[in-house]
Amino acid sequence: MSHFRVFFKKEMVEHIRTYKLLIMLVVFFIFGIMNPLTAKLTPELLEKFMPEGVLISLPEPSSIDSWAQFYKNITQMGLIVTVLVFSSVLSSELSKGTLINLLTKGLSRTAVIMGKFAAMLTIWTASLATAFVTTWGYTVFLFSDDYSANLFSSVFCLWLFGVFILAVLLCSSTLAASSYGALLLTGAAAVCLAILNIFPKAWKYNPLSLAGKNMELVTNSIMFSSLSYAIGVTVAAAIALLAAAVLIFKRKQL
Amino acid sequence: MSVLEISDLRMSFGSHQVLQGLNMVVPENSIFGFVGKNGAGKTTTMRIVVGLLKPDSGTVKVCGEEVVYGDTKTNRHIGFLPDVPEFYGYMRPMEYLKLCGEITGLPSKKIKERSEELLELVGLKDVNRRIGGFSRGMKQRLGIAQALLNEPKLLICDEPTSALDPIGRKQILDILASIKGRTTVVFSTHILADVERICDRIAVLDQGILVLSGTISEIQKQYQRNSFMIKFATADQAAEFSASEELQQLGVKVVQEENVLAITIEDHSLRGQVLIDLLAAKQITPEKFEVVEPTLESLFAEVVQ
């Protein structure tokens with residue numbers, strides 16, 4: 001069995017037994033349920049809690065509102081939970097020394113990085129799919145309109161941004177001594193991308209656009225092809241970050 | 001044939017030079033005690049041998065093959081037990097050994113057979129709970145099992161007994177002694193009693209260089225001090241013998257403690273017989289006459305002072 005497969009299997013077992021997979025699936029399932037429900041109930045709640053005599057006119061909620069909740073929740077809380085869950089994925093192994101036995105048995109360091117990344121990717125994909133399918137099913141049930149478009153392409157953009165963030169986190173973990181260091185570096189990378197968006201022309205290439213333009217795709221305000229440069233940059237950056245993580249980890253003295 | 005050859009190994013951490021040209025050879029099938037004070041460079045040396053650290057210069061050969069940092073091919077000959085072996089607490093011993101076996105590329109059937117055999121050897125055969133609940137001693141024993149899984153020619157143990165209670169220490173030493181003849185064991189420690197108990201060769205490391213190396217008997221012979229212990233019937237008799245002119249003429253160093261004299265003859269051409277002859281001439285029959293062998297502890301103190 002190749003080292004990658006052995007290590008990927010070990011990582012998945014670890015995520016299952018340490019409840020990381022369960023936490024991710026439950027949190028994303030709750031988000032999935034909450035999105036359409038919040039969209040449906042918000043106008044009713046606002047009406048109910050308005051002081052007597054105050055009239056408020058709100059448009060009838062639609063599937064658009066449900067997907068707006070989905071992208072708001074996943075790009076904020078969803079990504080934060082994901083980064084927190086995986087923040088110690090490498091640093092805890094390095095600080096405890098659990099990799100020593102395996103590396104001295106000949107385990108390739110490339111397999112360690114790739115195995116960890118593949119396991120994080122699997123869980124992120126499964127969690128996002130859970131939230132997406134739940135939101136989609138509940139939205140169809142609550143709102144029988146067809147205002148929402150490009151659902152798959154918009155969620156693909158968010159998924160790809162998540163992949164990029166995981167690559168940043170893993171690369172940061174090879175550089176930082178602790179999980180806090182890795183979190184700090186990942187946060188710093190996100191802030192840098194946000195600062196880059198100050199320049200109007202930058203959004204076309206900025207990976208952050210993949211987590212910011214989703215609703216414009218859903219409402220058909222922009223074409224998917226307008227994000228092609230951002231997708232290309234994100235894929236290239238994720239590959240470069242993974243390659244850097246492997247190189248740094250290979251040189252790390254343990 | 002030598003299993004491990006280290007030549008002119010140098011390594012520094014910042015401005016602190018840990019290894020300053022270490023040369024060492026470990027012959028096949030020996031139990032090799034690697035002794036030194038804390039911070040002498042034992043762990044650094046071992047981590048270089050298993051490819052976890054990159055030396056500044058020098059070469060390390062395992063079974064004739066050079067160790068290349070970042071390319072752990074020589075590790076197929078090695079089993080390594082770190083000072084504090086850490087495991088995945090959510091795994092059971094069999095699962096952990098299976099993971100190690102799959103990494104070393106052993107076939108599934110062989111992994112199962114070997115794991116059962118080794119868990120029996122280390123006394124964990126019937127322990128099927130998660131490793132997270134193991135004691136320190138149990139972890140050390142599991143560490144030995146994982147290190148021996150690939151039937152290594154060289155087993156490297158970094159201070160395997162230093163933090164264990166007397167029973168745990170005995171168990172580990174018994175396991176190491178039981179594999180003698182099948183695997184060469186290099187075992188670092190600062191507990192000299194452990195070395196005396198199971199090692200046949202020792203090397204003493206001090207400030208990054210080897211200050212002493214060889215079999216224990218060779219070293220004891222080399223550091224033999226022509227020392228004797230004579231126990232007299234009374235303290236007065238001991239004092240009288242100590243003050244005698246004939247004894248002083250032999251050029252001896254005498255230390256009296258009640259009715260016991262510790263005598264060191266400085267002239268190496270003279271043997272203990274001269275003392276026996278002198279006792280006979282004075283018609284003294286001592287209660288005890290003993291040739292004092294240098295202890296490992298006294299040797300260690302002498303070479304690393």
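Residues numbered from 1 in each chain as written. Chains lettered and ligands numbered in written order. Predicted model: local features only at pLDDT ≥ 70, side-chain atom pairs only at ≥ 80, totals over all residues. Heavy atoms only, no water.

Peer 1: How do you make sense of the overall build of chain A when you look at a structure like this?
Peer 2: Within chain A one finds 10 helices and zero strands. Across chain A, helices and strands are ordered from the amino to the carboxyl terminus as α-α-α-α-α-α-α-α-α-α. Here chain A, with 254 residues, has 48% of them falling under the buried criterion. Within chain A, contacts between residues at least 6 apart in sequence are counted, and of these 82% link residues at least 24 apart. Here chain A has roughly 12100 Å² of accessible surface; of this, 71% comes from carbon and sulfur atoms. Taking the 18 positively charged and 11 negatively charged side chains of chain A as two groups, their mean positions are separated by 25 Å. (Helix = DSSP H or I, 4+ residues; strand = E, 2+ residues; numbered from the N terminus. Buried < 20%, exposed > 50% of the residue type's maximum accessible area, 1.4 Å probe, protein only. Contact = heavy atoms within 4.5 Å. Areas by Shrake-Rupley, 256 points an atom, 1.4 Å probe, with all protein chains shown as cover. Lys, Arg positive; Asp, Glu negative; His and termini not counted. Charge placed at Lys NZ, Arg CZ, Asp CG, Glu CD.)

Peer 1: Can you walk me through the sheet that holds strand β2 (residues 16-27) of chain B in this structure?
Peer 2: Pairing between sheet strands relies on hydrogen bonds along the backbone, with the strands arranged either parallel or antiparallel. Residue and element names in this part refer to chain B. If you trace the four strands from one edge of the open sheet to the other, you get β2-β1-β4-β5, paired in antiparallel fashion. Because the sheet does not close on itself, it has two edges, and the strands there are β2 and β5 (65-66). The pairing of strand β1 (residues 2-13) with β2 spans nine bridges and is classified as antiparallel. For M11, the partnering residue across the bridge sits in β2 and is L19. (Pairing = 2+ DSSP bridges.)

Peer 1: Looking at this structure, how should I read the interface of chain B and chain A?
Peer 2: Many authors give the size of an interface as the accessible area that is lost as the parts come together. On the side of chain A, 29 residues touch chain B, which itself brings 29 residues to the contact. Roughly 2500 Å² of surface becomes buried between chain B and chain A when both sides are summed, with 54% attributable to carbon and sulfur atoms. On the chain B side of the contact with chain A, B:Y88, B:Y90 and B:I103 bury the most area, a combined 28% of that side's loss. Counting across the chain B and chain A interface gives two salt bridges. Notably, a salt bridge pairs A:K9 with B:E102, separated by 3.6 Å at the nearest N-O pair. Counting the contacts that link chain B with chain A gives 11 residue pairs in polar contact (both at pLDDT 80 or more). Secondary structure elements with two or more residues in the side of chain B that touches chain A: α2 (93-104) and α4 (136-148) of chain B. Residue classes in the side of chain B that touches chain A are distributed as 16 nonpolar, six polar and seven charged. (Buried area = accessible area lost by both parts, 1.4 Å probe. Salt bridge = Lys/Arg side-chain N within 4 Å of Asp/Glu carboxyl O. Polar contact = N/O pair within 3.5 Å; in protein donor to acceptor, adjacent residues only side chain to side chain. Nonpolar A, V, L, I, M, F, W, Y, C, P; charged D, E, K, R; others polar.)

Peer 1: How do you make sense of the nonpolar core when you look at a structure like this?
Peer 2: The nonpolar side chains of a soluble globular protein tend to be buried, and buried together. Ranked by internal contacts, the top residues of the largest apolar core, which has 145 residues, are A:F70, A:I74, A:L102, B:L4, B:Y88 and B:L176. Dropping the residues within four chain positions of it, B:L4 is found in contact with B:M24, B:V25, B:V26, B:V49, B:V60, B:K61, B:V62, B:L154 and B:V186. Listed in part, the 14 residues of the second largest apolar core include B:F228, B:V252, B:L275 and B:I284. (Core = buried A, V, L, I, M, F, W, Y, C linked by side-chain atoms within 4.5 Å.)

Peer 1: What am I meant to see in the packing of aromatic side chains here?
Peer 2: A ring pair, where both rings are aromatic, is described by two values, the distance of the centres and the angle of the planes. Residues and elements named next belong to chain A. Enumeration over the complete set of coordinates arrives at 18 aromatic pairs over all chains. Ring geometry for F70 versus Y71: centroids 4.9 Å apart, planes at 90°, classification edge-to-face. Owing to a relative accessible area of 4%, Y71 belongs among the buried residues under this scheme. A connected cluster of aromatic rings, assembled from ring pairs, spans W67, F70, Y71, F132 and F152. (Phe/Tyr/Trp six-rings, centres within 6.5 Å; stacked < 30°, edge-to-face > 60°.)

Peer 1: Can you walk me through the side chain of A:E93 in this structure?
Peer 2: Checked against the element boundaries, A:E93 lands in helix α4 (residues 91-96). Residue class for A:E93 comes out buried when judged on its relative accessible area of 2%. Residues in contact with A:E93, not counting those within four places in the same chain, are A:F7, A:K10, A:E11, A:E14, A:T98, A:L99, A:K116 and B:Y88.

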